[in-house]
Structures are given as structure tokens and as C-alpha cells.
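Observations on the three-dimensional arrangement
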Amino acid sequence: MLDIALKLLDEITSYGFQAYIVGGFVRDYILGIESNDIDINTNATPKEIKNIFDSCLPNEDYGSVTVIKKGVRFEITTFRKEMSYLDNRRPSQIEYIDDLYQDLLRRDFTINTLCMNKDGEIIDFLGGRSEIDSRVVKTVGNAKTRFEEDSLRILRAVRFATILDFKLDKETRDAIIDTRELLKNLSYYRKKEELDKIFGSSNAAKGISLLLDLGLDKYLELDNLDKVTCTSSLIGVWSILNVVDKYPFNSNERELIKNINEAFLLNNLDPMALYKYGLYVNSVAGEIKGLDIKNITESYNNLIIQSRRDLDITSDDIMKGLNKGPGSYLKDIYSDIEREVLYRRVKNEKDAIMTYIIKNYKVEN
């Protein structure tokens, strides 16, 4: 992918423009982290980029164009200045410029200001390489100003410190505390995007500790954050936080959170709990409680049945045996025989199940 990106830079510069890979990809390249997210900066305007490439998806309001090269999407953004910010989130307007250094000054953190030219050479105007070597997250310029411009940067700082296992420099840390109230104005959607990355990280414990140490839990309305047990499942963290009434979750996430919270109250080795909620939900609930997931998995795999389809009997068999037509009674019978089979009081064999049903449900004429 880097080879394709460097050829794309070469193509842009062949028209007399400047062009560089910028930001996260270069940072990760130095750290030896594989990344497929390549952003390109240039002094060419979106209109000029569209004249160079056929496969373009313009987004001119933000001074960028998406170019598709050999099936790979690249976001190409024109050097720019950003005017005063609206709502501590978005610049009121942008102005195209012809200066890479000035463009880098508008960015969030020094570790995201590194550039790579078409020859693969690293360009470092703002000391980002030094911050990477020191494993420090530090804002570009005045930290408080950066967070007041865009309050999402507060969570991005925590996210980078978490995922990269870096520390926050003192000015950045102090500025987060000074501006943390601005998180109240940030949309729950944006907050959840960043928190998903923090909670889903293999280093999530550090991220949670940082959020608590910085006092961000109050402004993020995460009242249970200090009760969170890190699990291998992101949805497990959200189930403990219990914020489905505030943060945006899709219907599947909501159902999982509901089921995990219900399964948490049960014995996750119990056949009925395993049968009703399945292996994943019980594993997450069990992991929160500190149970051995191997035991849960083994218990689930030893279930006589794992779904109603596994029962060695059909609705037609039941109706024929009871000499009755369809009706709601079938649901009750199925629930009963599921339990009896799961607890091994009735064998999962048609004759044994039918004998049990006739004994308990057959009404003599």
C-alpha cells in the first residue's frame, strides 16, 4: 500500500505540486505498526487534483478529495488554514495556502505532524519524531487553545496515550483538566467513536485509568467507569457502564447489553443460562465476574441441546401424540421439555420425550 501511495505522490509532484503522506500513517510507520490509513497533503486544490486523477470523490467543503488508485482509497487534502472554530468542534471556514509548515501548525498533536515525501524520506518540522522517541502525546502549540478549538481532541489525546502506550505531557494533561467541561457539548456519537477505540484497545485498562485520573468520567456521564472490569469484549465494558439511554447503540448492541446484564445475575455454568443466552453472552458476563472462560466454554459444549432445533421431536409429533391441533400450548410444552432435556431428566430421544409429554399433557377423554 505504501508503494501505491508513493507512486501517487510522484504523480502529483510531476505536475509541479507538493505532496506528502502525513499524520498517523507516518507515525505508525516509525513505530513499526501496520496501518492502511494513508492521508495525503498537497498544495494542489481539489479542482487541480480532479484534473490529475479520473477516479475522484470530491468533498470540497473540507478541502479534500478521495482518489482511488489500484482499488485503494486515499484522502487528499489541500494545505489550509482554519479560521475560528464553531461549537468547540468545527472551523468556521478554511483558506487554502501554499505552505506545508503552516498547514502542520493547525494539527492536534506533534506525533501526527510527521510527513513522508515521494522518496520515502521523513520530514519533521515540529519535533514529532522526538515525541515518538520519548513516547509522549503533546499538542501542537498551546494545549488549552487546541482543546478549546476542538474538544474531541481531549478524547483523542487519551486514545493515543492508550493505544500507543504513551504518556501525556504536563501542559497537555493540565489543559485537558482545564477544558474538560467542553466534553458536555460534544455529540454522544463522537464521544462513543473515541471511547470505542479506548475501551476496545488491548491497553484499555490504561485508558480507563486516564479517564478517571483526568476526571473525564463526570463530563462523559460515565458514572460506573470506576466499576469497569476490562474484558476482551468492547460490548462488555459498555454493559457495565449502563448508558444505553444516552449513548447511541444499534439494536444489536442494545440487545447484547441487555442480555449480558441479565446473564450477569445468573450462574453462567448453568445449562439453562447457557442455553438461553448462548456462549458469547455468558462468556462476557462470566469474564466480568472473573470466571474462567474455559469452564464456560466446556459447559456450553457439553449441553445436550444448544437450540430448539436440536430436540429429537417436532411440533407434528407432539400434536399427533396428543391428538390436538396447533395452539399456544406447544410453546409451553417446548419450554418444559427443553428444561427437562437440558437437566438430563429426559433423554433427547423421540420416544422418551413423547412418553414424558403424554404423561404430563395428555388429557384423557
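Everything below is about the structure shown above.
Residues numbered from 1 in each chain as written. Predicted model: local features only at pLDDT ≥ 70, side-chain atom pairs only at ≥ 80, totals over all residues. Heavy atoms only, no water.

Looking now at the environment of Leu-322. By the element assignment, Leu-322 lies in helix α16 (residues 315-322). Separated by 68 residues in sequence, Leu-322 and Arg-254 place their C-alpha atoms 40 Å apart. Excluding residues that lie within four positions of it along the chain, Leu-322 makes contacts with Tyr-329, Ile-333, Ile-357, Ile-358, Tyr-361 and Lys-362. (Helix = DSSP H or I, 4+ residues; strand = E, 2+ residues; numbered from the N terminus. Contact = heavy atoms within 4.5 Å.)

What follows deals with the pairing of strand β1 (residues 19-22). Of the two faces of β1, the one carrying Ala-19 and Ile-21 and the one carrying Tyr-20 and Val-22 are both buried. In this sheet, strand β10 (residues 115-116) lies alongside β1 in antiparallel orientation, the contact comprising 2 bridges. Bridging from a neighbouring strand, Ile-21 pairs with Met-116 of β10. (Buried < 20%, exposed > 50% of the residue type's maximum accessible area, 1.4 Å probe, protein only. Pairing = 2+ DSSP bridges.)

For strand β5 (residues 72-78), the buried fraction is high: 5 of the 7 residues fall into the buried class. For strand β2 (residues 39-42) and β5, the ladder comprises 4 bridges, and the chain directions are parallel. The partner of Thr-42 across the bridge, within β5, is Thr-78. Alignment of strand β4 (residues 64-69) against β5, held across 6 bridges, turns out to be antiparallel. Residue pairing for β5: Ser-64 is matched across the bridge by Thr-77.

Let's shift gears to the nonpolar core. Core analysis: the largest hydrophobic core is formed by 75 residues, its most contacted members being Ile-21, Phe-199, Leu-222 and Trp-238. At 7 residues, the largest contribution of residues to this core is made by helix α7 (residues 152-163). Not counting residues within four places of it along the chain, the set of residues in contact with Phe-199 comprises Ala-204, Ile-208, Leu-211, Leu-222, Leu-225, Leu-234, Val-237, Trp-238 and Leu-241. In terms of nonpolar packing, the next biggest core, distinct from the first, is built from 24 residues, Leu-274, Tyr-334, Val-346 and Ile-357 among them. (Core = buried A, V, L, I, M, F, W, Y, C linked by side-chain atoms within 4.5 Å.)

So, about unusual backbone geometry. Residues other than glycine seldom take positive phi values, yet Lys-70 does so here, at roughly 55°. Note on placement: Lys-70 falls in the loop between β4 and β5. Phi at Asn-242 is positive, roughly 55°, even though this residue is not glycine. With respect to the secondary-structure elements, Asn-242 resides in the loop between α12 (234-241) and α13 (251-264). Residue Asn-242 is classed as partly exposed on the basis of its relative accessible area of 48%.

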